Amino acid sequence: MPQIDEAALKDQLKEKKFSFVYLLYGEEPYLTAHYAGQIVKKVLGAEKTDFNYMKLPGNTQIQALADSVYLLPL
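Chemist: Now, about helix 2 (residues 29-44): what can you tell me, with residues and values included?
Modeler: Here helix 2 contains 16 residues, and its C-alpha end-to-end distance of 22 Å stays within 8% of the 22 Å for a straight helix at 1.5 Å per residue. Among the residues of helix 2, Tyr 35, Ile 39 and Val 40 are the ones counted as buried. For helix 2, the buried positions fall inside an angular range of 140° around the axis, keeping them on one side. When the buried face of helix 2 is taken as reference, the exposed residues oriented beyond 90 degrees from it are Tyr 30, Ala 33 and Lys 41. On its buried face, helix 2 is in contact with helix 1 (6-15). Just downstream of helix 2 lies Gly 45, where phi reads positive at about 80°.

This is the structure:
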């Protein structure tokens with residue numbers, strides 16, 4: 001999986017060209033939360049629904065992550 005920096009993420013947000021998965025991490029929890037919110041806002045729009053959105057906490061087990069990835073949309 002390619003690694004991008006903050007500048008590249010800003011470019012992706014501006015151009016609306018997104019990767020399939022993002023793993024946000026860093027020393028500043030505010031920035032990771034901010035960019036997570038920006039990604040959700042740009043991808044799902046203003047009327048986000050729980051139907052198309054799943055947020056997992058940072059301490060999620062790998063099996064729970066794999067299970068959620070393999071779930072088929074209804």
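Chemist: Residues and numbers for the packing of helix 1 against helix 2, please.
Modeler: The contact between helix 1 and helix 2 brings their axes to 11 Å, and the two run at 20°. Accordingly, the angle class assigned to the pair helix 1 and helix 2 is roughly parallel. For the pair helix 1 and helix 2, the crossing hand works out as left-handed. Together, Glu 6, Leu 9, Lys 10 and Leu 13 of helix 1 and Leu 31, Tyr 35, Gln 38, Ile 39 and Lys 42 of helix 2 make up the contact between the two elements. In the contact of helix 1 with helix 2, the residues fall into five nonpolar, one polar and three charged.

Cut-offs and rules
- Residues numbered from 1 in each chain as written.
- Predicted model: local features only at pLDDT ≥ 70, side-chain atom pairs only at ≥ 80, totals over all residues.
- Heavy atoms only, no water.
- Helix = DSSP H or I, 4+ residues; strand = E, 2+ residues; numbered from the N terminus.
- Expected span 1.5 Å × (residues − 1).
- Buried < 20%, exposed > 50% of the residue type's maximum accessible area, 1.4 Å probe, protein only.
- Arc of directions from axis to C-beta.
- Contact = heavy atoms within 4.5 Å.
- Axes fitted to C-alpha atoms, helices over the stretch in contact; angles between N-to-C directions.
- Parallel < 35°, antiparallel > 145°, perpendicular 65-115°, else oblique.
- Left-handed = near helix turned anticlockwise from the far one by under 90°.
- Nonpolar A, V, L, I, M, F, W, Y, C, P; charged D, E, K, R; others polar.

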